[in-house]
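# Working through the structure, step by step
Read off the chains here:
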Amino acid sequence: MRAGTATAPSVRGAALVSAGVVGAVVVTVIARAHPGGAVAVAAAFSGIVAVLTGAVLVCGAGRVEGMRLASVFLGVAMVCWGVGQLVLGGEAAVHEPTFPTAGDLLATVSAPFGVTGLLLALRPRSLRSHWARMTLDSLLLSSSAGLLLWRLVYRSVLLHGGLRAAALLPLAIVLIEVTLVAVLLLGWLRELDRGRLLALVGFAIYAAADGYTLRAVAAGHPWPWAAAALWCVAWPLVGEGVLRLRPAEQRSDGHAEETRVTLTTTVVTLTVLVGAVAAFAADPYTDGVTITLAIAIITVFGVREGHAGVQRGRMLRSLTHQALRDPLTALGNRRALSRRLDDLVAAEGAVLTLDLDGFKAVNDLLGHARGDDLLVAVARCLDRALDPDCAAFRVGGDEFVVVVPGPAGRDRHLAHALLGQLRTVADSVPGALAVGVSASIGIARWGEGAVADAVVESGVALHAAKESGRDRVENYDGPVAAEHRRSLDVERRLRAAVRAGDLDVHYQPVLRLASGSVVGFEALARWVDPLLGRVTPDEFIPAAERCGVIADLGFQVLRRALLDLPTLDRSAPGAHVAVNVSPVQLRSTSFAADVLQLLAQTGVEPERLIVEVTESAFVGEDAGELHQLQQLRARGVWVAIDDFGSGYSALAYLSRLPASTLKLDQGLTAHLTTDPRALAVMRSIIDLGLALPLEVVVEGVETPEVRDVVRSLGAGYVQGWLYSPAVPIEQVAEVVRALSGPVTAGRVDGS
Ligand code: C2E
Ligand code: CA
Ligand code: CA
């Protein structure tokens, strides 16, 4: 079945074209041998070929979906034309035909069928958007071709009896045919394949032969048999071409195609016009037809350019429109927003940034189509809620910006109204209600400041709204946003401070309870910013972790501490230095190697260093962090578990970690004398530590009462304000002297 349809077209094509060629040869041979009977034979043969081809077209029409009607119409046209030629041949056999004959009449009847068939084959559907341009291009091509034909071929014969309307009929017919060729050429240029090319060439041959005949007849010459020979070739070509036509695929790049067509028209028109001008130069006689055609060419050309200009303007407008619009919601996009801000005339106003809560869940649980529906519903809701002087934009996935000009108050009112309406927007999207959709809105005003700043600030306020629980309105000037602003400020300035190495290190002594001697120091980072003032580690350490400078910061503190160790040593010989390590730092696979390298560089023995890590570093069960600590421990560095008793305190870790020291959280210590449960917890942790065995350091000892309780529980070491806060390196000697003075004079135990 497949093979059959594959071979049939080529066999059919060969048969058709050979029939045509045989017809042409027979016409030529007979016409030369019997010049007297030439008209009859030539007309009859071209008629037979046309009828045969037409019949093949009508019969083969069913094959290609979408081309059926075109084939039938063209087939009928060919049969009509062919019968006309047979009649003409018959007439000519009886007497010398006088034109127009009955055969000509039949040929004329075929014209509307032929034109309809060709236009159907052209598939006007693909031309619908370009029909005006196509028509103008075709008119331009045919009128310039007409001018050339007139000057070169027809003028001399048609004008000899003066300019009569009847004499111009052949020219009109030829012009119509040339127009058809032009329409085919331009229409098919977009999808020129072998079928279209064959049909086009065939039809051009037919038109040329027709023009030739008409000229001969108009000039009073005998009916030219050579034209009939050409027709014999033309019809099979048209027939085979039309049978091969396939509906054209939809081209994606319509614009490029359009340009190609326009360019072709211009080139062909110019070439033809150059010919016409050359012909005119050779014979500068001017006549009515020349003038009419010249005016037609200029007019069509002008209209065509005007039309192109209008099209270009329209396209430009639509492109600009598209570039500023969000295709989903039809709201303005980010670019439109910045335009709006540029053009803003209001002296003051507010920017609302709005973000949906739970939108991701809608997408994940209900699918992206539902997510899109929700966004469209939100856009509609905004449209309805806004006054004409306000404008809404979609600037991100589920982020919208509303610009509200005017004095304060209006913005807040609108924001709360929107919040209420957006809570119900999920009603219109099936399933969204169950997921739970609301909105958070951040507001920032402009007045003295720039509008662009207000956009950024409203984003900050939005963030604050999200962080403080969603489904709320937050003002950039409000407390939550202020907190958020502060953390952004801290992050920004901290980054610079770390880069510049502007952080200090203070030291807090650690004492052995039994002897009261200083056995070590905890190094604690300190930061005083010129603008923000003193910032506590509880604020800047998390900020450093957030903005990715914690590793740098940690190593600066470590290097400082190792370099300061000789100084510390002078006050408390043999003292250790403890450095805090963030879980983020431990995730680096080179952490242990970096620490060991720093130890080697500063010449400090690993046994003098304690790294303090919190349990939270090991919550993720990641072996990497553990491995870093094991490497350090293997080389002699001590490991302390910091803030034990504050977080998860999973006892299982204790046996697995290569720890030497347990530091009890100061939160426990603070309640030691007031909360019996804190006391119980502290007691069991100390017992546990001693049993493992681990050194136990109790932090946050602020009063002698607490110290006494801690001592009674059996803890080995203490740290706290009772003894000393963390102090700059310059004050360490004095602090140690004071500590060892009255209590432990002469008993400083350096081991
Ligand atoms: P931490 O490791 O638990 O450090 C002990 C904190 O307790 C220090 O606060 C210290 O000044 C404070 N402190 C000492 N004695 C007492 C006392 O008797 N009562 C009370 N209430 N507090 C006392 P600081 O210096 O503000 O540090 C806070 C936290 O910041 C530290 O807690 C530590 O987790 C972190 N941190 C400090 N410096 C660094 C550092 O260089 N690197 C890293 N990763 N974290 C650091
Ligand atoms: Ca610590
Ligand atoms: Ca601690």
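Here we take up the environment of Ala228. Relative to the elements of secondary structure, Ala228 occurs in helix α9 (residues 225-244). In this structure Ala228 comes out as buried when scored by relative accessible area, which is 0%. Between the C-alpha atom of Ala228 and that of Leu245, which follows or precedes it by 17 residues, the distance is 26 Å.

What follows concerns the coordination of the calcium ion (ligand 2). Listed as protein donors to the calcium ion (ligand 2) are Glu522 (OE), Asn580 (OD1), Glu612 (OE) and Asp642 (OD); their distances from the metal cover 2.1 to 2.3 Å. Taken in chain order, the donor set of the calcium ion (ligand 2) reads E-x57-N-x31-E-x29-D. Taken as an interatomic distance, the gap from the calcium ion (ligand 2) to the calcium ion (ligand 3) is 3.9 Å; Asp642 donates to each of them. Of the two residues, Glu522 sits in strand β7 (residues 518-529) while Asp642 sits in strand β11 (residues 638-644), which places them 120 residues apart along the sequence. Here Glu522 matches Asp642 in class, with each residue buried.

At a minimum axis separation of 10 Å, helix α7 (residues 169-189) and helix α8 (residues 194-218) run at an interaxial angle of 170 degrees. Classed by the angle they form, the pair α7 and α8 counts as roughly antiparallel. The residues of α8 that touch α7, namely those facing Pro170, Ile173, Val174, Glu177, Leu180, Val181, Leu184, Leu185 and Trp188, are Arg196, Ala199, Leu200, Phe203, Ala204, Tyr206, Ala207, Asp210, Gly211, Leu214 and Ala218. Its residues assigned to classes, the contact of α7 with α8 comprises 16 nonpolar, one polar and three charged.

Take the packing of aromatic side chains next. One pass over the full model with this rule turns up nine aromatic pairs. Between the aromatic rings of Trp81 and Trp235, the centroid separation amounts to 5.2 Å while the plane-to-plane angle is 65 degrees, which identifies the pairing as edge-to-face. With Trp81 in helix α3 (residues 68-94) and Trp235 in helix α9, the pair connects residues that are 154 residues apart, well separated along the chain. Among the aromatic side chains, those forming a connected cluster through ring pairs are Trp81, Phe203, Tyr206, Trp231 and Trp235. Directly above the aromatic system of Tyr476 lies the positively charged group of Arg485, at a separation of 4.4 Å from the ring centroid.

On to the site of ligand 1, then. Looking at ligand 1, there are 20 residues lining it, with Gln508, Arg526, Gln666, Glu702 and Trp721 nearest. Between an oxygen atom of ligand 1 and a side-chain N or O atom of Glu522, the distance comes to 3.1 Å. In the complex, 85% of the free accessible area of ligand 1, which totals 780 Å², lies under the protein chains. Listed by contribution, the elements that provide at least two residues to the shell around ligand 1 are β7, α19 (537-546) and β11. Per element, the largest residue contribution to the shell around ligand 1 is four residues, and it comes from β7.

Take the coordination of the calcium ion (ligand 3) next. Only Asp642 (OD), Asp643 (OD), Glu699 (OE) and Glu699 (OE) from the protein reach the calcium ion (ligand 3) as donors, at distances of 2.2 to 2.7 Å. Counting residues between consecutive donors of the calcium ion (ligand 3) along the chain gives the motif D-D-x55-E. A relative accessible area of 7% means that Asp642 is categorised as buried. You can call Asp643 partly exposed: its relative accessible area is 24%.

Now for the nonpolar core. Within the largest apolar cluster, 81 residues are counted, with the highest numbers of intra-cluster contacts made by Tyr507, Leu609 and Val698. Broken down by element, this core gets its largest block of residues, nine residues, from helix α20 (residues 550-571). Aside from chain neighbours lying at most four places away, what touches Val698 is Leu664, Thr669, Met682, Ile686, Val710, Ala715, Tyr717, Val718 and Gln719. The next biggest cluster of nonpolar side chains, apart from the first, holds 45 residues, and it includes Leu141, Trp188, Tyr206 and Trp223.

Criteria and cut-off values
- Residues numbered from 1 in each chain as written.
- Chains lettered and ligands numbered in written order.
- Predicted model: local features only at pLDDT ≥ 70, side-chain atom pairs only at ≥ 80, totals over all residues.
- Heavy atoms only, no water.
- Helix = DSSP H or I, 4+ residues; strand = E, 2+ residues; numbered from the N terminus.
- Buried < 20%, exposed > 50% of the residue type's maximum accessible area, 1.4 Å probe, protein only.
- Donors = N, O, S within 2.8 Å, 3.2 Å for Na, K, Ca; no water.
- Axes fitted to C-alpha atoms, helices over the stretch in contact; angles between N-to-C directions.
- Parallel < 35°, antiparallel > 145°, perpendicular 65-115°, else oblique.
- Contact = heavy atoms within 4.5 Å.
- Nonpolar A, V, L, I, M, F, W, Y, C, P; charged D, E, K, R; others polar.
- Phe/Tyr/Trp six-rings, centres within 6.5 Å; stacked < 30°, edge-to-face > 60°.
- Lys NZ or Arg CZ within 6 Å of the ring centre and 35° of its normal.
- Near = heavy atom within 4 Å.
- Polar contact = N/O pair within 3.5 Å; in protein donor to acceptor, adjacent residues only side chain to side chain.
- Areas by Shrake-Rupley, 256 points an atom, 1.4 Å probe, with all protein chains shown as cover.
- Core = buried A, V, L, I, M, F, W, Y, C linked by side-chain atoms within 4.5 Å.

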